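Per-entry structural report
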Amino acid sequence: MSKNWNVQMSITELDRVTMCEARLTGKNGVTLVGEGSARANPADENVPAIGDELAAARALSDLAHQLLHTAVMDIEAHTHETVRGLEV
């Protein structure tokens with residue numbers, strides 16, 4: 001059996017701030033949204049591609065933590081036991 005989960009990432013830039021939203025769809029129709037941002041130091045050269053990368057990485061990290069938390073909650077609901085050893 002094959003399943004498809006899709007992540008759509010939207011990146012916006014305003015001045016020296018980059019924001020990213022990573023939206024995961026596919027798990028039982030539930031959508032999780034991760035957010036990340038990056039801010040260029042005023043003393044540094046403004047390189048938008050670096051801001052995009054940092055904001056996207058942070059949004060995906062946020063999304064990963066939410067997905068792990070969801071998995072822990074699902075395991076606990078199924079087993080009626082506290083999950084240990086997973087970083088949430």
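For the structure, see preceding data.
Because the structure is a prediction, the values reported are computed rather than measured.

Details of the overall build of the chain
Of regular secondary structure, the chain possesses one helix and three strands. When the helices and strands of the chain are listed from N to C terminus, the series reads β-β-β-α. Here the C-alpha coordinates of the chain stretch approximately 55 × 30 × 20 Å along the principal axes. Considering only intrachain contacts with a sequence separation of at least 6, the fraction spanning at least 24 residues in the chain is 37%. Per element, the accessible surface of the chain, about 6600 Å² overall, is 52% carbon and sulfur. Charge centroids of the chain, computed over 7 positive and 13 negative side chains, lie 5 Å from each other.

What to know about helix α1 (residues 48–79)
Look at α1: 46 Å from first C-alpha to last across 32 residues, which is about the 46 Å you get at 1.5 Å a residue. Turning to α1, its buried residues number three or more, namely Gly-51, Ala-55, Ala-56, Ala-59, Leu-63 and Val-72. Downstream of α1 by a residue or two, His-80 has a phi angle that is positive, lying close to 60°.

A few points about unusual backbone geometry
In this model, Asp-15 sits at a positive phi of 60°, which is unusual for a non-glycine residue. For Asp-15, the location among the structural elements is in the loop between β1 (6–14) and β2 (17–27). Located in the positive-phi region is His-80, a residue other than glycine, with phi close to 60°. Summarising the element assignment, His-80 is placed in the segment after α1.

Notes on the pattern of salt bridges
If you walk through the whole model with that rule in mind, you get one salt bridge. With a shortest N-O distance of 3.0 Å, Glu-21 and Arg-23 are connected by a salt bridge. Classification of Arg-23 as partly exposed rests on a relative accessible area of 33%.

Section: a nonpolar patch on the surface
A contiguous nonpolar surface patch, about 230 Å² in accessible area, is contributed by Val-7, Met-9 and Leu-60. Here Met-9 shows up in strand β1.

Basis of the calculations
Residues numbered from 1 in each chain as written. Predicted model: local features only at pLDDT ≥ 70, side-chain atom pairs only at ≥ 80, totals over all residues. Heavy atoms only, no water. Helix = DSSP H or I, 4+ residues; strand = E, 2+ residues; numbered from the N terminus. Contact = heavy atoms within 4.5 Å. Areas by Shrake-Rupley, 256 points an atom, 1.4 Å probe, with all protein chains shown as cover. Lys, Arg positive; Asp, Glu negative; His and termini not counted. Charge placed at Lys NZ, Arg CZ, Asp CG, Glu CD. Expected span 1.5 Å × (residues − 1). Buried < 20%, exposed > 50% of the residue type's maximum accessible area, 1.4 Å probe, protein only. Salt bridge = Lys/Arg side-chain N within 4 Å of Asp/Glu carboxyl O. Patch = residues over 30% accessible without salt bridge, like charges linked within 9 Å, V, L, I, M, F, W, Y side chains within 5 Å.

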